[in-house]
Amino acid sequence: MKAFVFPGQGAQFPGMGKELYENSSLARERFEKANKILGFRITDIMFEGSDEDLRQTKVTQPAIFLHSVILAETLGEQFQPDMVAGHSLGEFSALVTARSLSFEDGLQLVYQRASAMQKAGEINPGTMAAILNLPDETVEKICAEINEIVVPANYNCPGQIVISGSLKGVDAACEQLLAAGAKRALKLKVGGAFHSPLMEPAKEELEKAIDSVSFQTPDFPVYQNVSTQGETNPERIKNNLIAQLTAPVKWTQSVQNMIAAGADDFTESGPGNVLQGLIKKIDSTVQTRGIS
């Protein structure tokens, strides 16, 4: 069975989407529509901007969403998955390609989410760090014992968890996790403590935006980060999307559940190939590919 997966923040790179824009009239039309919806030429930043320009949350998220969704749309009839999933932000890309959300509503929600997350990061300064080579339980236990806000935020693959929280909390956790045998504790260049309680102000803002938008039953199950299950009920999908901002991204568990449901062929739609690497670490027997 075929699954399509969509990346989250961190997959961006200067020049992303330019080739797509130049080689496909459908892509060009979609990108220009996005420029109008957003009220600024995001394509100029995507195609000509620097790493730094692309790293601003309110640019990064819509840029990755556009690249991911438009790339899948250019496949036409070849886009026929049995199920889809997205990593964090990628969940919005998955929902649009599954026709649970319209392209226009998806883009506006992503932009509102990104702006809200950027603001929350300024209100509650925080950061994230990738922890390598420790069991999930050890990371969970050490985070729980620290007297600051710090939580597991992304279960990316076995032996790779990202933690998120206050600056002091993440520093203290990194120190203890290295002492407990972590191979690395790598601070990430992010604008806030995503998927942690410090994103609560963004969650409240996003909830209002999501409640104002119409969600349809998707064409195929969307495996969501919060529940790790293939969801088709619009109300559950909305609730999971709202919860996702302060809850961990359970990517490992979602992919395992997709494989248990029969997925053995995963295509990544979007910039980069991060998800292909993670999926191979979760189960080396499945096929993974990008869209060329």
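Residues numbered from 1 in each chain as written. Predicted model: local features only at pLDDT ≥ 70, side-chain atom pairs only at ≥ 80, totals over all residues. Heavy atoms only, no water.

Observations regarding the pattern of salt bridges
Here is step 1: Tallied over the entire structure, the rule returns 12 salt bridges.
Here is step 2: Here Glu-73 and Arg-30 are joined by a salt bridge, their closest N and O atoms 2.9 Å apart. Here Glu-73 is found in helix α5 (residues 57–73), whereas its partner Arg-30 is found in helix α2 (residues 25–38), with 43 residues between them in sequence.
Here is step 3: The partner of Arg-41 in a salt bridge is Glu-32, and the shortest N-O contact between them spans 2.9 Å.
Here is step 4: Taken together, the shared-partner salt bridges in this structure form one network comprising Glu-32, Arg-41 and Asp-44. (Salt bridge = Lys/Arg side-chain N within 4 Å of Asp/Glu carboxyl O. Helix = DSSP H or I, 4+ residues; strand = E, 2+ residues; numbered from the N terminus.)

Thoughts on the pairing of strand β3 (residues 126–132)
Here is step 1: The buried fraction of β3 amounts to 6 of the 7 residues, a majority that puts the element mostly inside the structure.
Here is step 2: With 7 bridges connecting them, β3 and strand β5 (residues 160–166) associate as antiparallel partners. Considered in β5, the bridge of Ala-130 is made with Val-162.
Here is step 3: Of the pairings in the sheet, the one linking β3 to strand β6 (residues 184–187) comprises 4 bridges and is antiparallel in character. Residue pairing across strands places Ile-131 opposite Ala-185, the latter belonging to β6. (Buried < 20%, exposed > 50% of the residue type's maximum accessible area, 1.4 Å probe, protein only. Pairing = 2+ DSSP bridges.)

Observations regarding the sheet that holds strand β10 (residues 287–290)
Here is step 1: As summarised here, the arrangement of the 6 strands in space is β8-β7-β2-β1-β9-β10, forming an open sheet in which the pairing is mixed. The open sheet terminates on both sides in strands that have one partner only, identified here as β8 (230–231) and β10.
Here is step 2: The sheet contact formed by strand β7 (residues 222–223) and β8 spans 2 bridges and is antiparallel. Counterpart to Tyr-223 in the pairing with β8 is Gly-230.
Here is step 3: The sheet contacts of helix α12 (residues 251–260) involve β1 (2–6), β2 (83–86), β7 and β9 (265–268), and relative to β2 the element is tilted by about 175 degrees. (Contact = heavy atoms within 4.5 Å. Axes fitted to C-alpha atoms, helices over the stretch in contact; angles between N-to-C directions.)

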